[in-house]
Amino acid sequence: MAGTGAVLLGASCIAAALGAAAHHPLAPVLALSLLSAIAAWTVSRPADLWCVLPALLPVASFTPWSGWWLVDGSDLLVLGAMGGAYLRWGVDAWRGPAATFARTPSGMHWMYVVLPLLLLLGVWRGLDDARGAASWATLLAQLWSQGPYGDYDLPSNTLRVAKSLAWGLLLMPVLYRWPQGAPLRLARGMVAGLLLVCAGVLWERGLYVGWVDFGTNYRTTAWFWEMHVGGAAIDAYLAMALPFAWWAAWSAPHGWRWYAAAALVLLSTYAVLTTYSRGLYLAVLITGVALGALVRRFHFDVPDDTAWHRKAMVWLLAALVVETMGVWLGGAFMSDRLVRSNLDLHQRMDHWKRGVGLLHTPGQWILGLGVGRLPAHYSTQTTEGALAGRVRWLQKADGSTEAWLFGPMRPGVKGELALAQRVALAPGGGYKVRLRAHLDSPAWVKVQLCEQHLLYVSRCQLRTRQLSADSRTIDGWMELPLLGPAFESNGILSAWRGGVLSIKVLQANASMRLEGVELIDPQGRQVLRNPVFARGPSHWSSVAYENFLPWHMDNLLLELLVERGLLGLLALAAVVVWALLLLAHGIRSHKPLALIVGGSIGAALLIGAVVSIIEIPRVSTMLWLLLVVSPLVRED
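Values in this document were obtained by computation on a predicted structure and should not be read as measured data. (Residues numbered from 1 in each chain as written. Predicted model: local features only at pLDDT ≥ 70, side-chain atom pairs only at ≥ 80, totals over all residues. Heavy atoms only, no water.)

**A few points about the overall build of the protein chain**
- Along the protein chain, the regular secondary structure elements total 21 helices and 10 strands.
- Over its C-alpha atoms the protein chain spans a radius of gyration of 25 Å, differing by no more than 12% from the 26 Å that the globule rule assigns to 636 residues.
- Its C-alpha atoms give the protein chain principal-axis dimensions of roughly 75 × 60 × 50 Å.
- Split into buried and exposed, the 636 residues of the protein chain put 55% on the buried side.
- Look at the contacts in the protein chain between residues 6 or more apart in sequence, and 79% of them connect residues 24 or more apart.
- When the accessible surface of the protein chain is totalled, it reaches about 26,100 Å², and 66% of it is carbon and sulfur.
- Side-chain charges of the protein chain comprise 50 positive and 39 negative groups, with the mean position of each set lying 4 Å from the other. (Helix = DSSP H or I, 4+ residues; strand = E, 2+ residues; numbered from the N terminus. Rg over C-alpha atoms; globule rule 2.2 N^0.38 Å. Buried < 20%, exposed > 50% of the residue type's maximum accessible area, 1.4 Å probe, protein only. Contact = heavy atoms within 4.5 Å. Areas by Shrake-Rupley, 256 points an atom, 1.4 Å probe, with all protein chains shown as cover. Lys, Arg positive; Asp, Glu negative; His and termini not counted. Charge placed at Lys NZ, Arg CZ, Asp CG, Glu CD.)

**Points about unusual backbone geometry**
- In this structure, histidine 299 takes a positive phi of about 55° despite not being glycine.
- Relative to the elements of secondary structure, histidine 299 occurs in the loop between helix 12 (278–297) and helix 13 (307–329).
- For histidine 299, a relative accessible area of 61% puts it in the exposed group.
- Non-glycine residue asparagine 530 carries a positive phi angle of around 50°.
- On the secondary structure map, asparagine 530 appears in the loop between strand 9 (511–520) and strand 10 (541–545).

**Quick notes on the sheet that holds strand 2 (residues 401–406)**
- Pairing in this open sheet of 5 strands is antiparallel, and the strands run 1-2-9-4-7 from one edge to the other. With partners counted over all chains shown, the strands left at the sheet margins are strand 1 (390–395) and strand 7 (478–481), one partner each. Between one strand axis and the next, the sheet turns by 35° as a mean value, whatever way the strands run.
- For strand 2 and strand 9, the ladder comprises 4 bridges, and the chain directions are antiparallel. Residue pairing across strands places phenylalanine 406 opposite serine 511, the latter belonging to strand 9. (Pairing = 2+ DSSP bridges. Axes fitted to C-alpha atoms, helices over the stretch in contact; angles between N-to-C directions.)

**Observations regarding the pairing of strand 1**
- Across 6 bridges, the pairing between strand 1 and strand 2 is antiparallel. Across the sheet, residue arginine 392 finds its bridge partner in strand 2, namely tryptophan 404.
- In this antiparallel pair of consecutive strands, strand 1 and strand 2, the connection spans 5 residues, and glycine 399 shows a positive phi of 95°.

**Here we look at the packing of aromatic side chains**
- A complete count under the given rule lists 19 aromatic pairs for this structure.
- Look at phenylalanine 533 and tryptophan 540: their rings are 5.7 Å apart centre to centre, the planes differ by 70°, and that puts the pair in the edge-to-face class. Pair check on accessibility: phenylalanine 533 and tryptophan 540 agree, each one buried.
- The positively charged end of lysine 504 is found above the aromatic ring belonging to tyrosine 545, 4.1 Å away from the centroid. (Phe/Tyr/Trp six-rings, centres within 6.5 Å; stacked < 30°, edge-to-face > 60°. Lys NZ or Arg CZ within 6 Å of the ring centre and 35° of its normal.)

**Some details on the sheet that holds strand 6 (residues 457–467)**
- Read across the sheet, 5 strands follow the order 6-5-8-3-10 without closing on themselves; strand pairing throughout is antiparallel. The sheet is open, and its two borders are formed by strand 6 and strand 10, each paired with just one other strand. Direction aside, the axes of adjacent strands within the sheet are offset by 30° on average.
- Where strand 5 (residues 443–452) lies against strand 6, 9 bridges are found, and the strand directions are antiparallel. Bridging from a neighbouring strand, tryptophan 444 pairs with glutamine 466 of strand 6.

Next up, the structure:
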């Protein structure tokens, strides 16, 4: 019976992943091939699920190119890998009782009762809050019509935020089926994922700002596209992953493995430094000091306790000091941010007060506003949090799709929000944008094409103009030749440097309905994908500039309180406390990975004092893996 259920669940997960991959806007054949390979791998080596997920989750998203938002490549990865492991579970169970498996540790059973109820309650409150006066049937039809697309103030955000806990609960049984060597596999996966993120950091900075430019106002985001509305996805990830880089250097023997691990420590520290996140700096420093103190307190044995290894670790620490001073003294950006720390802290505290002020009734204090409902409430109930714009997709009766762009919700709102698409840039001349648009009244519109990775722009061609119905040419399009310097081709790196076309309505309470957008390059070619929205929002996304308050609480505990209430906060806090108690037992038993996993969770809590994590599903899932492995570390 258990074998049949596992086979059905595994086959369903794989079928869902492959079905979604077949409709991927970018490269469906490649997506199908990769997911099939991952599923086959976890069927043959199910214990590697511990390694595959932390290794690939940090880079398994292509949202700016695909336009997918509610789901992305990371969800397909989880479905495919988890489905393969469940399928193997069922097949082994069919073979007979000779196949033995470990069970969920006894101390974790209560989570199977409490957390599903908490998840269902949070989703129900979120959807009930989002539907307003509409019927449940209308809400469900709206969710179905949106597919993998949506926005943060819509009902679909409830499902987007909730999915990380859903993945965690589905992963727990199958992960615990193959616990042998799980901590080591997880650690190796974290190291591999960190290496991929560091490669992304070098790629990003090499293309857009320069590896040793520490004066430009540019903060690294790597492959964490969730930061298109701000937030701190990369901060939370690096805080959790950096202890594993130190573990790699500490445990590596003399030779190329140690040099590779030391290089990873230096690269990951470079990534930390170039985020210019003061909260991350503090979390990394406190975690590092705490780990060092615990190593001395409990007399952990170094695998390679030679004089060479001790000297090498000292030289590595010296190199990190030099690296930090180089970033600090190499430009004014870090020092400027440190000088503003006191002012920024007061502004953040005001932000926290406004967020907590959204809770009005005893029911909201106990049960929260609902999963994923912070942006919708914050943007409408606080003056400072009003959205600088919105993008809505409307399917008309004839089956065609329109993009509705709205300006700021009220006058004087800080920042901008744009409909955006990534494009390859051609050198040698000016671009032209053509819009097939409808406006009920004249509105100021800004169109820009910039060399841009995610949030920060460099060289741009742009045009700001008041558009009206009279702006159309004889063929029904509005033409906007962009003004600005031509994009240059001055080396191999510039040839790989991409750009972002963004369209914004600047006027408060104004809107524009788009039926099509064309971008004409200097050679006269139309270069946008899905220019007339024949495939709905595919290839299109949104980007926020300057104002990121509406989307984040910037405090893990407060965001849990606002969205899940005291009940949810206490339940999830109990999970973390229980995991840390189990890891403390492992530390007392001199288990090195207990120390590292505990340090990683502790770093997440420290950075969670000034950033949010739960609204970033990829990062939340990795934190969940750390919590799930905690009872196994003491036994490894």
